[in-house]
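If you want the building blocks of each chain, they are given just below.
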Amino acid sequence: LNEVVSEIRSFAFSSYLIEIDDILDDHPVEAAIPVVLDKIGYMSTDYGRALDDLKTLHADAIDRRTTVILLGDARSNYGNPRADIMKWLNQRAKRVVWLNPEPQTFWGTGDSEMLRYRPYCHVAKTCRTIKHLERVVDDILRSTNRA
């Protein structure tokens, strides 16, 4: 996406959110992953906190022209999922897309909050491979070019 979309911001999190544009700009993807992991740590995922960080620190960057793409399993280790922030994202952004590596049959099981998040997504799909990701990105780019 960084190569084909002019205005893109990228973030990563385990329990707290960081912007990773500079890392992606300075490293090929294979080298960027360990750098990002070192920065965010290897803590348990907390989607609620990461969503709160996104809203608190970057709300001004999200408007009716923004497509928010989340890539993750929505497993929040039983923390507060902050579905209210997903609702806010849905109301504020042009589009919210969630790409989950788990099959839909796993959504809502155990600590998965995907069923709480899905109503606030314009698109919610299983995305397990690079091929899946390429198809979704192509669809997003096609619909963006039409708009």
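Residues numbered from 1 in each chain as written. Predicted model: local features only at pLDDT ≥ 70, side-chain atom pairs only at ≥ 80, totals over all residues. Heavy atoms only, no water.

Chemist: Mind laying out helix α2 (residues 29–40), listing which residues take part and the relevant values?
Modeler: When the terminal C-alpha atoms of α2 are compared, their 16 Å separation across 12 residues agrees well with the 16 Å that a helix rising 1.5 Å per residue should span. Those residues of α2 lying buried are A32, V36 and I40. The buried residues of α2 occupy an angular sector of 55° when projected down its axis, which confines them to one face. α2 presents E30 and D38 as exposed residues on the side facing more than 90 degrees away from its buried surface. Packed against the buried residues of α2 are β1 (11–13), β2 (17–19) and α1 (21–26). (Helix = DSSP H or I, 4+ residues; strand = E, 2+ residues; numbered from the N terminus. Expected span 1.5 Å × (residues − 1). Buried < 20%, exposed > 50% of the residue type's maximum accessible area, 1.4 Å probe, protein only. Arc of directions from axis to C-beta. Contact = heavy atoms within 4.5 Å.)

Chemist: Could you give an account of the nonpolar core, naming the residues involved and the relevant values?
Modeler: Ranked by size, the top nonpolar core spans 22 residues in total, and within it M86, L89 and W98 carry the most contacts. Of all the secondary structure elements, the ones that give two or more residues to this core are α3 (47–58), β3 (67–71), α4 (83–92), β4 (95–100) and α5 (114–117). Sequence-distant contacts of M86, defined by excluding residues within four places in its chain, comprise L51, L70, V96, W98, Y117, Y120 and C121. Counting residues in hydrophobic clusters, the runner-up holds 7 residues, among them I23, A32, V36 and I40. (Core = buried A, V, L, I, M, F, W, Y, C linked by side-chain atoms within 4.5 Å.)

Chemist: Could you give an account of the packing of α3 against α4, with specific residues and numbers?
Modeler: Following both chains from N to C, one finds α3 and α4 inclined at 45°, their axes separated by 9 Å at the closest point. As far as their axial angle goes, α4 and α3 are oblique. Note on packing geometry: the crossing formed by α3 with α4 is left-handed. Mapping the contact onto sequence places L51, D52, L54 and K55 in α3 and I85, M86, W88 and L89 in α4. Partitioning the contact of α3 with α4 into residue classes produces 6 nonpolar, no polar and 2 charged. (Axes fitted to C-alpha atoms, helices over the stretch in contact; angles between N-to-C directions. Parallel < 35°, antiparallel > 145°, perpendicular 65-115°, else oblique. Left-handed = near helix turned anticlockwise from the far one by under 90°. Nonpolar A, V, L, I, M, F, W, Y, C, P; charged D, E, K, R; others polar.)

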